[in-house]
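# Structural overview for review
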Amino acid sequence: MFIRRHKLAPYLLLLPSLAGIGLVLVWPTIQTALLSFQNFGLGQLSGTLPTQWVGFSNFSTTLADPEFWLSLRITVVFAAVVVVLSLLVGTLVGVLLNHLGRKMATFVSSATLLAWATPVASASVVFYWLFSADGGVVDWGLSKLPSWLGGGPHWAAYNWTTSGALPAYTVLTLLVVWMGFPFIATTVLAGLKTIPAELLEAARVDGASPWRSFRTVTFPLMKPIFLVLLLLSIIWDFGIFTQTYFVTGELGNRDEYNLSLYLYDKAFTMPPSYGLGAALALILTVVLLIVTVGYVRASVRQGAIS
Amino acid sequence: MTALPQSLGRAGRAGGAAGRRVSRRTTQRFALNSIGVIVALVTLFPILWMISSAFKPSTELFSLTPQPIPLHPTLHNFSNVMNGKAAGIGISFWVFARNSVFVTVVTVVLASLVSLLAAVAVARFKFRFRASFLIMLLIVQMLPAQALVIPLFIDFRGIGLLDNLVGLILIYSAQALPLSVWLLRNFVAAVPRDLEEAAAIDGAGPVKVFWRILFPLVAPGLVATSIFSFITAWNEFVFALTFLGTDQAKYTLPIYVQYFFGRGSADWGGIMAASTLYTIPVVVFFLFVQRRMVGGLVAGAVKG
């Protein structure tokens, strides 16, 4: 290699990345940890008040707040539902793409990639509008459905976004699954293409049904991919902010906060309490890091670090 | 598929059972294609509804029977967004578009260059902490933005980088780095070493080898990776929302959409026109580089 002679070369090449990652990702994480043990408000921000170390009081305040527990419950249930649904829909669409002809597969995968490409802010306002009580097409459709399908005139002008967590998170589930399944479908499709055709052919000759050959041949071979997708989905869906920020009405409905909204509200709504926000950010970060450890182990086992 | 012509041949000769098998295959194909069309239409529906709403006059937006295609299409919503009348913000859409394009283009260039250097280090050198560096990349890309935004808000306020697009560029570039390095190293590793060594023997210096041999060969990889920094910068919401407070002329597009959504929530035609305009560039970009993207996407996901 051209600069192998210089022992320092790799470190010099790494320097800009390390500086960027260190200053914008690693150092702020350390700062978050420090802030979480401080009382840090407007006074400290403007420098008129000195730094005030308060021990674990931000954490005890948080744990004593019923709103925290509500937001945590919403976050966990929402993440569980969305992870399962995105993996399910993504896998089904991936399998479908694998069975379609070339032109049809290109058409369907282009359509799904458009959903993935739509900016989060656009997708969020569009879903808000689809489910709007005034002029929304979903309420109109539901009100025209026959009652044995759950429709009926009571759906007209139904308010999805301010009627509590369940309706709002129904919209959010559809939104997040809509944005998330294309990535899973694409990855599953790529994994399916690596499975030797002879194996599936052998299963078919032995009289295995499609479901059985998926369960006994495809799934075991795809397990590492599914594991990575599962962990990535958990990490993404647990920390969702932008979509919930829009659909629950820009911090307008406290009973619809997930952990990220609760955190953001504590830190930035007047009067701001950056220390309290940092304690919550630390909790969120630690939860995600635990999942990340699993993700890193799965990646290493797959030979990604080579 | 390979079984099909064979069974067709047999069907021609023997008819009966084989013929039924052919027709079953045709039915199956038809069923699969129908499911494919349904999946595509359901997926496209929100996007199509957004575009159709953007062309509707307000009487049709709030009509008791919503029409999929506007009966009296109008450009009124778009012109309102363009001339700044929408949401009463008094600033044209193009100002926000320019901000977003500026932030995105600089982020993509910066992140590509910096991550290419790191990718060369990782793909071409053996050094201590190499594995640790790679694992660190996997970990830091998981850090949630809404956790980092608190200390960075305090820091950037201290050095005067709030209400400043340069501040956002620094954050977006750093956010894009881990995945970019992770993906690019595979592309660098795929370039045959012989080429570089041959050039070096012919007397080319390291810089020349980099620009004349390595760079052109890694360029497709750079395109694939740049999509992710593009998305990061074009989509990013939390930092822009927090940092761009007072100066509306600095808003990037997602913050404009948010402002519009918060202020003029009755003007759905205008909001849909704004989000359509915000979505179009990224959709065009995607369709343009789709094939490359899928490759990069999969390399990133499957290999870790």
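Residues numbered from 1 in each chain as written. Chains lettered and ligands numbered in written order. Predicted model: local features only at pLDDT ≥ 70, side-chain atom pairs only at ≥ 80, totals over all residues.

Turning our eyes to something else, we now look at the overall build of chain A. The secondary structure content of chain A amounts to 13 helices and 2 strands. For the C-alpha atoms alone, the extent of chain A along its principal axes is close to 75 × 75 × 30 Å. Within chain A, the proportion of its 306 residues that are buried is 43%. Summarising the internal contacts of chain A: among those between residues at least 6 apart in sequence, 68% fall at separations of at least 24. (Helix = DSSP H or I, 4+ residues; strand = E, 2+ residues; numbered from the N terminus. Buried ≥ 20, exposed ≤ 12 C-beta atoms within 10 Å, placed from the backbone. Contact = placed C-beta atoms within 7 Å.)

Bringing the overall build of chain B into the picture now. When its secondary structure is counted, chain B shows 13 helices and 0 strands. Secondary structure elements of chain B, listed N to C terminal, follow the sequence α-α-α-α-α-α-α-α-α-α-α-α-α. Counting over 304 residues, chain B shows a buried share of 44%. Sequence-distant contacts, at least 24 apart, represent 72% of the contacts inside chain B between residues at least 6 apart.

Across the contact, 83 residues belong to chain B and 81 residues belong to chain A. The element contributing the most residues to the side of chain B that touches chain A is helix H13 (residues 268-302) of chain B, with 16 residues. Looking at the side of chain B that touches chain A, its residues break down into 63 nonpolar, 15 polar and 5 charged. (Nonpolar A, V, L, I, M, F, W, Y, C, P; charged D, E, K, R; others polar.)

Looking now at the environment of Arg301 of chain A. Residue placement: Arg301 of chain A occurs in helix H13 (residues 274-301). When the C-alpha atoms of Arg301 of chain A and Pro224 of chain A are compared, they prove to be 8.9 Å apart, with 77 residues separating the residues in sequence.

Residues and elements named next belong to chain A. One can describe the packing of helix H8 (residues 165-193) onto helix H10 (residues 210-238) by two numbers: an axis separation of 10 Å at closest approach and a directional angle of 155°. Accordingly, the angle class assigned to the pair H8 and H10 is roughly antiparallel. Crossing of H8 over H10 shows right-handed handedness. Contact residues: H8 offers Val176, Gly180, Ile184, Thr187, Gly191 and Leu192, while H10 offers Thr218, Met222, Ile225, Leu229, Ser233 and Asp237. The class makeup of the residues in the contact of H8 with H10 is 6 nonpolar, 5 polar and 1 charged. (Axes fitted to C-alpha atoms, helices over the stretch in contact; angles between N-to-C directions. Parallel < 35°, antiparallel > 145°, perpendicular 65-115°, else oblique. Left-handed = near helix turned anticlockwise from the far one by under 90°.)

Within the largest apolar cluster, 169 residues are counted, with the highest numbers of intra-cluster contacts made by Val125, Phe127, Leu175 and Ile235 of chain A together with Val257 and Ala274 of chain B. In terms of residue count, the dominant contributor to this core is H8 of chain A (17 residues). Sequence-distant contacts of Ile235 of chain A, defined by excluding residues within four places in its chain, comprise Leu288, Val291, Thr292 and Tyr295 of chain A together with Met142 of chain B. (Core = buried A, V, L, I, M, F, W, Y, C linked by C-beta atoms within 7 Å.)

For the rest of this paragraph, the subject is the environment of Val106 of chain B. Within the element layout of this structure, Val106 of chain B appears in helix H5 (residues 93-124). Sequence spacing of Val106 of chain B and Leu277 of chain B is 171 residues, and the spatial spacing of their C-alpha atoms is 21 Å.

With that settled, the discussion passes to unusual backbone geometry. Residues and elements named next belong to chain A. In this chain, Met270 is followed by Pro271 through a cis amide linkage whose omega measures -10°. Along the chain, Pro271 turns up in the loop between helix H12 (259-268) and H13. For Ala157, which is not a glycine, the phi torsion comes out positive at approximately 60°. With respect to the helices and strands, the residue Ala157 is situated in the loop between helix H7 (137-144) and H8.

Okay, the environment of Leu175 of chain A next. Residue and element names in this part refer to chain A. Checked against the element boundaries, Leu175 lands in helix H8. Distance from Leu175 to Trp27, taken between C-alpha atoms, is 33 Å for residues 148 residues apart in sequence. Beyond its immediate sequence surroundings of up to four residues, Leu175 is in contact with Ala123, Ser124, Phe127, Gln243 and Val247.

Functional significance is not addressed by these values, which are geometric in nature.
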